Amino acid sequence: MTRKYFGTDGVRGRVGETPITPEFVMRLGYATGRVLASHDSARSHGKGGERPAVLIGKDTRISGYMLEAALEAGFSAAGVDVCLVGPMPTPAIAHLTRALRLQAGIVISASHNPYYDNGIKFFSARGTKLPDELELEIEAALDEPLICVPSAGLGRARRIDDADGRYIEFCKGTFPFEMDLRGLKIVVDCANGAAYHLAPHVFHELGAEITSIGTDPNGLNINQDVGATAPAALRQAVVTQSADLGIALDGDGDRLIMVDAQGNVYDGDQLLFAVVRSRLRQGPVAGVVGTLMSNLALEHALGELKVPFVRAAVGDRYVMDLLRQNGWLYGGENSGHILCLDRHTTGDGIVSALQVLSALREEGGDLQQLLGGLELYPQKLINVALSKGFAWQDHPLIGATQNAVERELNGCGRVLLRASGTEPLLRVMVEGQDAQVVTRAAEKLAAAVREAVSS
């Protein structure tokens, strides 16, 4: 069955346009509720009992209120109870769903996208992304009519009042008990997103002196010139305030970018490598999963440490799939999604930062020293807008230009073209040892894509 609505990370789009409308989101809640109820009934062997229940959280977008109400109505109509927690990071929903023994967790968020986008993400009872087969069941159920259950069977809604404290304690529990962060001055950038009222407390309660930016959401400023996708604000704050480190999350709190005292920015590839090097001091690391976008230098550096490395398609769900297949614990994306399955079931910006900080405490020195000489190869990424349904894979101009660029790299780099799973964009990436050659090649290829699209 072909996916109609689900992308690489749930359902996402522009608010007010299908599928991010109140009517569709209510039907999505109803369809999901019906599927979950059928699975719950099968697990209980038809014995009945309490209604299935789900957890709903959201980031700070103004549209979250509207979509939360629509989801709640859909689940209630399907006879599913709803637990509400308000603004909460995506990984917090994964943890709380598992801790509270609920049937699913739902996050209303478009992650790093601007405020006018929004989306719906799902977690299973185990705190992991929904398997493909369950998403396909939900898609099929969306075509069925919405028939409300009898009044006595309607789902109820309640608010979880201690969700913030539960998650803060969970995060702190992933940091070694015998360590603290005393003596460190840290700037925390919460992207005016879901972690604005949580992340600063985690690091402060572990002993750090904390200054916060991106902690004043107004519904419209999520990810706007702050956060992991715009690290310049954090970089300036760290240098201006003579801080030791900076930590940037994205709008839903599952990405991490860090900055050192000199203002150097460290991406997901570098931070993943720092964590893996730290774990190697404790014992063998079976392997690491990256993506097609992971820097070639990371692969080479892990090879020198005798750690196997494989690439998944872009998207943390695909990294997770390969980790499970191989029985490995560590993986991530250069965008800042880092998976440490010995600490959490999903990528978590706060938890990932704590793993880097524990490595710093254990080894001493700074972030640059923690990387053990890893130097990323120059990489140029250009996003080109695509018209709906444009068959870029088969366009002769794009193919010919890509072949020409690969010849120019002469075996000292690589080219990657891929369609975004969340936006109507073609991501043009060129990587190599010479920065000027890489930039020139990427611009040449991007220009060819624009010409092909416009024609």
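Above: the structure in question.
Residues numbered from 1 in each chain as written. Predicted model: local features only at pLDDT ≥ 70, side-chain atom pairs only at ≥ 80, totals over all residues. Heavy atoms only, no water.

Student: Would you mind showing me how to read the side chain of T291 here?
Tutor: Counting through the fold element by element, T291 comes out in strand β12 (residues 288-291). Once residues lying within four places of it in the same chain are set aside, the contact partners of T291 are R311, A312, A313, V314, V319, G332 and E333. (Helix = DSSP H or I, 4+ residues; strand = E, 2+ residues; numbered from the N terminus. Contact = heavy atoms within 4.5 Å.)

Student: Please explain the packing of helix α5 (residues 163-172) against helix α11 (residues 349-363) as it appears in this structure.
Tutor: Axis angle and axis distance: for two packed helices, these are the angle between their axes and the distance between the axes, and together they describe the pair. Running from amino to carboxyl end, α5 crosses α11 at an angle of 25°, the nearest separation of the two axes being 9 Å. By the angle between their axes, α5 is roughly parallel relative to α11. The hand of the α5/α11 crossing is right-handed. Between α5, through Y167, F170, C171 and K172, and α11, the contact on the second element is made entirely by I350, V351 and L354. (Axes fitted to C-alpha atoms, helices over the stretch in contact; angles between N-to-C directions. Parallel < 35°, antiparallel > 145°, perpendicular 65-115°, else oblique. Left-handed = near helix turned anticlockwise from the far one by under 90°.)

Student: What is the right way to look at the pattern of salt bridges in this model?
Tutor: A side chain with one charge may pair with a side chain of the opposite charge, provided their charged atoms come close. This model, assessed by the stated rule, comprises 26 salt bridges. We note a salt bridge from D59 to R61, for which the minimum N-O separation is 2.7 Å. You'll find D59 and R61 in the same group, each marked buried. Here the residues in one salt-bridge network are D9, R12, K121, K129, D252, D254 and D316, joined through shared partners. (Salt bridge = Lys/Arg side-chain N within 4 Å of Asp/Glu carboxyl O. Buried < 20%, exposed > 50% of the residue type's maximum accessible area, 1.4 Å probe, protein only.)

Student: Got a minute to help me understand the pairing of strand β5 (residues 117-124) in this structure?
Tutor: Walk down a regular strand and you will see the side chains alternate between the two sheet faces. The buried fraction of β5 amounts to eight of the eight residues, a majority that puts the element mostly inside the structure. Side-chain alternation along β5 places D117, G119, K121 and F123 on one buried face and N118, I120, F122 and S124 on a second face that is also buried. Two strands pair when backbone bridges link them, and strand β1 (residues 11-14) and β5 are joined in this way by four bridges, in the antiparallel orientation. Each bridged residue has a counterpart across the sheet, and for R12 the counterpart in β5 is G119. (Pairing = 2+ DSSP bridges.)

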